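Survey of secondary and tertiary structure
The residues making up each chain are set out below.
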Amino acid sequence: QQQVKQSPQSLIVQKGGISIINCAYENTAFDYFPWYQQFPGKGPALLIAIRPDVSEKKEGRFTISFNKSAKQFSLHIMDSQPGDSATYFCAARGDYKLSFGAGTTVTVRA
Amino acid sequence: DAGITQSPRHKVTETGTPVTLRCHQTENHRYMYWYRQDPGHGLRLIHYSYGVKDTDKGEVSDGYSVSRSKTEDFLLTLESATSSQTSVYFCAISAINPNTGELFFGEGSRLTVL
């Protein structure tokens, strides 16, 4: 079974709106939580990442919120732009391997 | 962009035939991975390598084998392809920097098994 559960499967947001994607995990040995962005026909690329000793990390319009006790983390995309339309994957690292969520397809309407 | 080349990029084959996908890197990274991507499943790890001739299984390794005879090349082989192995296959590399642990992905190989 998937070690990282991601929701929603897809979302549509208006330009300028906020996109929120949630992930949950069970393995407390995970030590690194990245988010990857993938455009059609391309490989995933690292967007932003957080370590479990930090509760929030912000890079530009992208913010990760991390709740260690609840074993949940989320990606917030502020002021969403049409260029943010892509598939987003959360992931968690354990034993030098990344386990990925199922992905969320984000569509930003102009 | 990280120097990762996957070949072939597209392949159509028939059930029961052997298939080999190649991943070539120019970054001299120690760790290499093969993932498959399927709708609703995200990216699932097939096999990975932590050095020349050092490989291990991932979560969906049945029906696949790998080899790494040189740092720069990681081969994924389907000994007898099945329709369930129709997928997009991604190679990834990592230096396992303790601070980032970032994976760099290739552009993918789309395999169709008829």
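Please refer to the structure placed before this passage.
The notes below deal with the structure included here. (Residues numbered from 1 in each chain as written. Chains lettered and ligands numbered in written order. Predicted model: local features only at pLDDT ≥ 70, side-chain atom pairs only at ≥ 80, totals over all residues. Heavy atoms only, no water.)

Quick look at the overall build of chain A
- Helices and strands together make up the secondary structure of chain A, namely 0 helices and 11 strands.
- Secondary structure elements of chain A occur, N-terminal to C-terminal, as β-β-β-β-β-β-β-β-β-β-β.
- Compactness check: chain A gives a C-alpha radius of gyration of 13 Å against a globular reference of 13 Å for 110 residues, within 12% of the reference.
- The principal-axis extents of the C-alpha atoms in chain A amount to approximately 40 × 30 × 20 Å. (Helix = DSSP H or I, 4+ residues; strand = E, 2+ residues; numbered from the N terminus. Rg over C-alpha atoms; globule rule 2.2 N^0.38 Å.)

As for the state of the cysteines
- Tallying each qualifying case throughout the model produces 2 disulfides over all chains.
- The residue that forms a disulfide with C23 of chain A is C90 of chain A, at a sulfur-sulfur distance of 1.9 Å. Here C23 of chain A and C90 of chain A share a disulfide; its torsion about the S-S bond, -95°, makes the bridge left-handed. Note that C23 of chain A is positioned in strand β3 (residues 19-25) and C90 of chain A in strand β9 (residues 86-94), a separation of 67 residues in sequence.
- Note on C23 of chain A: relative accessible area 3%, which makes it buried.
- Relative accessible area serves as the criterion here: at 0%, C90 of chain A is assigned to the buried category.
- Here C23 of chain B is linked by a disulfide to C91 of chain B, with a sulfur-sulfur distance of 1.9 Å. One quick way to see it: the torsion about the S-S bond of C23 of chain B and C91 of chain B is about -70°, and its sign makes the bridge left-handed. Taken together, the residues C23 of chain B in strand β3 (residues 19-25) and C91 of chain B in strand β9 (residues 87-94) connect sequence positions 68 residues apart.
- By relative accessible area, which is 0% here, C23 of chain B ends up buried. (Disulfide = S-S within 2.5 Å. Buried < 20%, exposed > 50% of the residue type's maximum accessible area, 1.4 Å probe, protein only.)

Nothing here speaks to function; it is geometry throughout.
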